[in-house]
Amino acid sequence: MKFILILALLLFSNCAMPEDQFAEKIVIAHRGASGYLPEHTMESKAMAFAMGPDYIEQDIVLSKDDVPIVIHDIFLEEVTNVKTIFPERNRSDGRYYVIDFTLAELKSLTVHERIHLGTGKTVFPNRYPLEDSHFRLHTLSEEISMIQGLNKSTGKNIGIYPEIKNPGFHKENGKDISSIVLKVLDSTGYSKKTDPCILQCFDAIELRRIREELDSDLFLTQLMELPEGFENLETYSSYADAIGPSIEQLILYAHGKSDAEKKSLIQRSRDLNLKIHAYTFRKDEHPNFETFEKLLDFSFRELDIDGGFTDFPDAVKEYFK
Ligand code: CA
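Residues numbered from 1 in each chain as written. Predicted model: local features only at pLDDT ≥ 70, side-chain atom pairs only at ≥ 80, totals over all residues. Heavy atoms only, no water.

**Remarks on the packing of aromatic side chains**
Here the structure, examined in full by the defined rule, presents 16 aromatic pairs. Ring centres of Y161 and F309 lie 4.9 Å apart, and the angle between their planes is 65 degrees; this geometry places the pair in the edge-to-face category. Highlighted residues: Y161 in strand 4 (residues 159–164) and F309 in strand 9 (residues 307–310), separated in sequence by 148 residues. Both residues of the pair, Y161 and F309, belong to the buried class. Geometrically, the ring pair formed by Y319 and F320 is tilted, given 6.1 Å between the ring centres and 55 degrees between the ring planes. With a relative accessible area of 12%, Y319 lands in the buried category. Judged by relative accessible area, which is 14%, F320 ranks as buried. Grouped by ring-pair contacts, the aromatic residues F22, F281, F300, Y319 and F320 constitute a single cluster. In this arrangement the basic side chain of R91 is found over the ring face of Y97, its NZ or CZ atom lying 4.3 Å from the centre. (Phe/Tyr/Trp six-rings, centres within 6.5 Å; stacked < 30°, edge-to-face > 60°. Helix = DSSP H or I, 4+ residues; strand = E, 2+ residues; numbered from the N terminus. Buried < 20%, exposed > 50% of the residue type's maximum accessible area, 1.4 Å probe, protein only. Lys NZ or Arg CZ within 6 Å of the ring centre and 35° of its normal.)

In structure tokens:
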């Protein structure tokens, strides 16, 4: 009797599979809950954590004194008050580089919503107000410590998804960013593919180096951008575990294809053992789709990709439900 019951349960759960088509798909909090609080602040990471994504993203740039800082660009002036605090510290191109400031100097800056340099206006007008921002920059170690602390106090197991930014630029400035970041990850418990950490990079030579020369066993995502198509998947699969295309690349790929043909991309990736984690899902910016939901339908139903970077982790989680 017990056996029949178990069998019935197994059969039932198999039948229920199609209903649960989003169970394996992952939500990555892009720069935190950046739709609600300034990107890459601790506050936006804590808010993202509370929304229960699978991973929280960190973009990494080194300080002058070689500390991995969580910030999206090698420049400071679009998200901080660096021009007010250190007006003379720009390079001859007028830009203020993270790499020219020590951790202590970076900590003295305040962080605000991303602005357009030309106009000084916020990039996303309906997000957190620009005025009166008291947020601060922080290090990769500090963010890991908070996420691990929250995992402990909430009983969750939310992962990190760090990105090595501009390794070529770091090298020109005499720094090996990947080695430094890998050391931090290793010392905080992230070294194997089964650890809750995915390392990403746009630079294919560097990501291969991370696997082969730096001998990392982490889950690796090869980021991609236009004008590249999906012709290099086999090469990527020789060292990476996932690809990270932009939504625009997916749209171009799907253009004029039937529903069955659209699925062939995910089939090819699965055959090569590559996941697809696309960027960036924004509730307040989806130029090619009438609604946010239509963008999610296209990506997660029609193409059936495995995960997405989103500024609105709560909205994508809600969609998966
Ligand atoms: Ca990123």
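**Considerations on the coordination of the calcium ion**
Bound to the calcium ion are the protein donor atoms E57 (OE), D59 (OD) and E163 (OE), situated 2.2 to 2.3 Å from the metal. Sequence spacing of the donor residues for the calcium ion, all on one chain, is E-x1-D-x103-E. Placement of the pair is E57 in strand 2 (residues 55–62) and E163 in strand 4, with a sequence separation of 106 residues. Residue E57 shares its accessibility class with E163, and that shared class is buried. (Donors = N, O, S within 2.8 Å, 3.2 Å for Na, K, Ca; no water.)

**Looking at the environment of K107**
Mapped onto the fold, K107 is located in helix 4 (residues 103–107). Looking at K107, the relative accessible area reads 29%, which means it is partly exposed. Residues K107 and L199 lie 92 residues apart in sequence; the distance between their C-alpha atoms is 25 Å. With residues up to four places along the chain from it excluded, the contact list for K107 reads R136, L137, H138 and E142. A polar side-chain atom of K107 sits 2.8 Å from a polar atom in the side chain of E142. (Contact = heavy atoms within 4.5 Å. Polar contact = N/O pair within 3.5 Å; in protein donor to acceptor, adjacent residues only side chain to side chain.)

**Quick word on the pattern of salt bridges**
Applying the stated criterion across every chain yields a total of 31 salt bridges. A salt bridge links R95 to E77; the shortest N-O distance between them is 2.5 Å. Highlighted residues: R95 in the loop between helix 3 (82–85) and helix 4 and E77 in the loop between strand 3 (68–70) and helix 3, separated in sequence by 18 residues. K294 serves as the salt-bridge partner of E290, at 3.3 Å between the closest nitrogen and oxygen. On the accessibility criterion, E290 (66% relative accessible area) is exposed. K294 sits in the partly exposed class, given a relative accessible area of 40%. The network of salt bridges with common partners includes R127, R282, D284, E285 and D311. (Salt bridge = Lys/Arg side-chain N within 4 Å of Asp/Glu carboxyl O.)

**Some details on the confidence of the model for the protein chain**
In the predicted model, the protein chain carries a mean pLDDT of 94, and 94% of its residues have values of at least 70. Looking at the elements of the protein chain, mean pLDDT is at its lowest for helix 1 (residues 2–15), recorded as 49, and at its highest for strand 3, recorded as 99. In the model, residues 8–17 has pLDDT below 50 throughout and makes 0 contacts with residues more than four positions away in sequence or in other chains. (pLDDT = per-residue confidence, 0-100.)

**Observations concerning helix 14 (residues 313–320)**
Looking at helix 14, one finds that the buried residues are P313, A315, V316, Y319 and F320. Seen end-on, helix 14 carries its buried residues on one side only, within an arc spanning 165 degrees. Buried residues along helix 14 sit in contact with strand 1 (26–29), helix 13 (292–302) and strand 9. (Arc of directions from axis to C-beta.)

**Examining the packing of helix 7 (residues 177–187) against helix 8 (residues 204–212)**
Put simply, helix 7 and helix 8 touch, their axes get as near as 11 Å, and they point 45 degrees apart. The angle between helix 7 and helix 8 places the two elements in the oblique class. Handedness of the crossing formed by helix 7 with helix 8: right-handed. The segment helix 7 lies against helix 8, with S178, S179 and L182 engaging E206, R209 and I210. Here the contact of helix 7 with helix 8 is built from residues that sort into 2 nonpolar, 2 polar and 2 charged. (Axes fitted to C-alpha atoms, helices over the stretch in contact; angles between N-to-C directions. Parallel < 35°, antiparallel > 145°, perpendicular 65-115°, else oblique. Left-handed = near helix turned anticlockwise from the far one by under 90°. Nonpolar A, V, L, I, M, F, W, Y, C, P; charged D, E, K, R; others polar.)

**Here's the deal with helix 7**
Among all positions of helix 7, only I177, S178, V181, L182, V184 and L185 are buried. The arc that holds the buried residues of helix 7, viewed along the axis, is 160 degrees, so those residues lie on one side. Exposed residues lying more than 90 degrees from the buried face of helix 7 are K183 and S187. Looking one or two residues past helix 7, G189 carries a phi angle of roughly 100 degrees, positive in sign.

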